[in-house]
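Survey of secondary and tertiary structure
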Amino acid sequence: MALRPVQVNIKALDGLAVGRFWAEALGWSVFRPGVTTYVGPVGGFVWPDPVAVCIDVVPVPEPKTATKNRVHLDLATTSAAHQAELVARLQALGATPAHVGQGDVPWTVLVDPEGNEFCVLEPREIYRDTGPIAAVVVDCADPRAMARFWDEAMDWTLHEVTDDHAVLRSAKGVGPYLEFLRTPDVKTVPDRVHLDLLPYPGDDKAAEVARLRALGATDLDLGQGDVAWTCLADPEGHEFCVLAPS
């Protein structure tokens, strides 16, 4: 049994507007506009067995309150010219520069129209085949502990782990990386951005949730009520959901 990340869940006051921003930013399409806005590769919307880690924007009544999200996206580029062009295009779409203490770095930090941080990376060989999203990046206190939990939680491959960072990627060698970075920030509010996991077709969702609890995940009440998915938190309190296969 195993789980795989299938989407990055982003909360927004205006879910459709934020979804459209990310569709334009990534060169993807908006599917299923309505209660939630699903963004994925053109022609690639396949459920319940999606072909990529997509984005699901969920409308909420509360604005962002955290100074900096603990989960963000890194976008890949193929050249210095591509990086400059992408930054200019994203700003034309409504992104704005952000300062999160990054100093003089080769990547550019921006925020989407509702203040969610993301980075446009300089060209890096490791991300040459990821698609537009290079990595989903998670701030944490202990990358080694996060690596132990998430390596067992998912069927992704652990590529590297140190005291400062841990890196996982699909065993198929496709799509973005999942990276845990040591940061001094302390979690004070619910995450505005989180991962959603999905069992493979034919696997037992209840058994998967029980397995995650045994690994150290805890149940989470976000006021979701009686829903088909299960809300959990990892050992450092990052929220995530286990979705139903259908």
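Residues numbered from 1 in each chain as written. Predicted model: local features only at pLDDT ≥ 70, side-chain atom pairs only at ≥ 80, totals over all residues. Heavy atoms only, no water.

A count of helical and extended segments in the chain gives four helices and 16 strands. Here the C-alpha atoms of the chain give a radius of gyration of 17 Å, agreeing with the 18 Å that 2.2 N^0.38 yields for 246 residues. Counting only C-alpha atoms and orienting by the principal axes, one finds that the chain spans roughly 50 × 40 × 35 Å. Taken across its 246 residues, the chain has 48% of its residues classed as buried. The long-range share in the chain, meaning contacts at least 24 apart out of those at least 6 apart in sequence, stands at 63%. When the accessible surface of the chain is totalled, it reaches about 11,100 Å², and 56% of it is carbon and sulfur. Each charge class in the chain can be summarised by its mean position, and for the 20 positive and 35 negative side chains these summaries are 1 Å apart. (Helix = DSSP H or I, 4+ residues; strand = E, 2+ residues; numbered from the N terminus. Rg over C-alpha atoms; globule rule 2.2 N^0.38 Å. Buried < 20%, exposed > 50% of the residue type's maximum accessible area, 1.4 Å probe, protein only. Contact = heavy atoms within 4.5 Å. Areas by Shrake-Rupley, 256 points an atom, 1.4 Å probe, with all protein chains shown as cover. Lys, Arg positive; Asp, Glu negative; His and termini not counted. Charge placed at Lys NZ, Arg CZ, Asp CG, Glu CD.)

With that out of the way, let us pick up the sheet that holds strand β6 (residues 96–97). Across the sheet, eight strands lie side by side as β6-β7-β8-β5-β9-β12-β11-β10; this open sheet has mixed pairing. The strands lining the two open edges of the sheet, one partner per strand, are β6 and β10 (157–161). One ladder, built from five bridges, connects strand β11 (residues 165–169) with strand β12 (residues 177–182); its direction is antiparallel. By the bridge assignment, His165 is partnered in β12 with Leu181. Strands in contact with helix α1 (residues 15–26) are β5 (71–75), β8 (117–120) and β9 (133–140); relative to β5, the strand with the most contacts, it is inclined by about 30 degrees. (Pairing = 2+ DSSP bridges. Axes fitted to C-alpha atoms, helices over the stretch in contact; angles between N-to-C directions.)

Each aromatic ring pair is characterised by the separation of its centres together with the angle its planes make. According to the stated counting rule, one finds eight aromatic pairs in the structure shown. Ring centres of Tyr127 and Tyr177 lie 5.7 Å apart, and the angle between their planes is 70 degrees; on these two criteria the pair is classed as edge-to-face. Of this pair, Tyr127 sits in the loop between β8 and β9 while Tyr177 sits in strand β12, and the two are 50 residues apart along the sequence. The buried category is assigned to Tyr127, whose relative accessible area is 7%. Of the residues examined, Tyr177 reaches a relative accessible area of 7% and is grouped as buried. What links up through ring pairs into an aromatic cluster is the set Phe149, Trp150, Phe180 and Phe240. (Phe/Tyr/Trp six-rings, centres within 6.5 Å; stacked < 30°, edge-to-face > 60°.)

A two-sided burial pattern is seen for strand β3 (residues 37–40), the buried positions comprising Thr37 and Val39 on one face and Tyr38 and Gly40 on the other. Both strand β2 (residues 29–31) and β3 contribute to a ladder of three bridges, which runs antiparallel. Opposite Phe31, over in β3, you have Tyr38 as the bridge partner.

Another aspect to go through is the state of the cysteines. Overall, the coordinates contain zero disulfides when judged by the stated rule. Free of any disulfide, Cys54 has its nearest cysteine sulfur in Cys241, 16 Å distant. Here Cys231 is not disulfide-linked; the sulfur of Cys241 is the nearest cysteine sulfur, at 3.7 Å. Accessibility expressed as a relative area gives 5% for Cys231, which makes it buried. (Disulfide = S-S within 2.5 Å.)

Here we take up the sheet that holds strand β4 (residues 54–59). One open sheet accounts for eight strands, arranged β2-β3-β4-β1-β13-β16-β15-β14; its pairing is mixed. Of all the strands in the sheet, just β2 and β14 (218–219) have a single pairing partner and so form its edges. When strand β1 (residues 3–12) meets β4, the two strands line up parallel, connected through six bridges. Looking across to β4, one finds that Ala12 is bridged to Pro59.

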